[in-house]
Amino acid sequence: SCAMWRQLGAACHAAGCERLLVIEDLAGHVPAEALGPLAQAMQAAGFDRIRTAFVDLRDHAGENEHGEILCRELGLPVRVFADEESARLWLVYGE
């Protein structure tokens with residue numbers, strides 16, 4: 001939810017975090033119409049300064065890819081991964 005991303009952004013900024021690994025294991029998914037507002041909430045929460053790797057342990061690839069595209073269009077350094085190892089490598093070493 002937008003509130004969760006606002007809380008994560010505030011916590012990262014308070015702690016001086018420049019990288020964030022999010023691992024999600026939720027049965028539900030974010031509806032397509034909510035992805036734009038979610039990306040905008042992340043931008044407002046300062047995620048343009050936080051390299052964020054998102055791992056979804058469930059199969060929501062289509063929604064996650066759409067969300068990644070929206071975030072990157074807003075200039076957010078966000079990537080979506082299917083596994084934690086790839087996400088960690090990207091967080092440390094980049095593209």
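What you see is a predicted model; the values in this text were computed from it and never measured.

**Section: the sheet that holds strand β2 (residues 51-56)**
The sheet built from three strands is open, its strands ordered β1-β2-β3 with parallel pairing. Strands at the two margins of the open sheet, each flanked by one partner only, are β1 (19-24) and β3 (78-81). Averaged over all neighbouring strand pairs, the angle between strand axes comes to 15°, with direction disregarded. Taken together, the four bridges between β2 and β3 define a ladder with parallel strand orientation. Bridged to Val55 within β3 is Phe81.

**Focus on the side chain of Glu68**
Take Glu68: it is sitting in helix α3 (residues 61-73). Exposure remark for Glu68: the relative accessible area of 15% places this residue in the buried category. Not counting chain neighbours up to four residues away, the residues in contact with Glu68 comprise Val78, Arg79 and Val80.

**Structural notes on the confidence of the model for the chain**
Put simply, the chain has an average pLDDT of 89, and 95% of its residues get 70 or more. Predicted confidence in the chain is weakest over α3, with a mean pLDDT of 84, and strongest over helix α4 (residues 84-93), with 94.

**Quick word on the packing of helix α1 (residues 2-15) against helix α2 (residues 32-44)**
Remark: α1 packs on α2, axes separated minimally by 9 Å, with the N-to-C direction vectors making an angle of 20°. Judged by the inter-axis angle, α1 sits roughly parallel to α2. Our pair here, α1 against α2, has a crossing hand that is right-handed. Touching Cys2, Trp5 and Arg6 of α1 are Pro37, Leu38, Ala41 and Met42, all from α2. In the contact of α1 with α2, the residues fall into six nonpolar, no polar and one charged.

**Details of α4**
Residues of α4 that are buried: Ala87, Trp90 and Leu91. Looking straight down α4, one finds that the buried residues subtend no more than 100° of arc, so they occupy a single side. Facing away from the buried surface of α4 by more than 90 degrees, the exposed residues are Glu85 and Tyr93. For α4, the elements touching its buried residues are β1, β2 and β3. Where α4 begins, the capping side chain belongs to Asp83, and its oxygen is found 3.3 Å from the backbone nitrogen of Glu85. The positive-phi residue at the C-terminal boundary of α4 is Gly94, with phi of around 80°.

**A look at the packing of aromatic side chains**
For the structure on display, the rule yields three aromatic pairs. Taken together, a centroid distance of 5.4 Å and an interplanar angle of 80° make the contact between Trp5 and Phe47 edge-to-face. Taken together, the positions of Trp5 in helix α1 and Phe47 in the loop between α2 and β2 put the pair 42 residues apart, joining distant regions of the chain. Given a relative accessible area of 0%, Phe47 falls into the buried group. A centroid spacing of 5.8 Å and a plane angle of 45° characterise the contact between Phe81 and Trp90, whose relative ring orientation is tilted. Accessibility expressed as a relative area gives 10% for Phe81, which makes it buried. By the ring-pair criterion, three or more aromatic residues cluster together here, those being Trp5, Phe47 and Phe54. Just above the ring of Trp90 sits the side chain of Arg51; from NZ or CZ to the centre is 3.9 Å.

Conventions we followed
- Residues numbered from 1 in each chain as written.
- Predicted model: local features only at pLDDT ≥ 70, side-chain atom pairs only at ≥ 80, totals over all residues.
- Heavy atoms only, no water.
- Pairing = 2+ DSSP bridges.
- Helix = DSSP H or I, 4+ residues; strand = E, 2+ residues; numbered from the N terminus.
- Axes fitted to C-alpha atoms, helices over the stretch in contact; angles between N-to-C directions.
- Buried < 20%, exposed > 50% of the residue type's maximum accessible area, 1.4 Å probe, protein only.
- Contact = heavy atoms within 4.5 Å.
- pLDDT = per-residue confidence, 0-100.
- Parallel < 35°, antiparallel > 145°, perpendicular 65-115°, else oblique.
- Left-handed = near helix turned anticlockwise from the far one by under 90°.
- Nonpolar A, V, L, I, M, F, W, Y, C, P; charged D, E, K, R; others polar.
- Arc of directions from axis to C-beta.
- Polar contact = N/O pair within 3.5 Å; in protein donor to acceptor, adjacent residues only side chain to side chain.
- Phe/Tyr/Trp six-rings, centres within 6.5 Å; stacked < 30°, edge-to-face > 60°.
- Lys NZ or Arg CZ within 6 Å of the ring centre and 35° of its normal.

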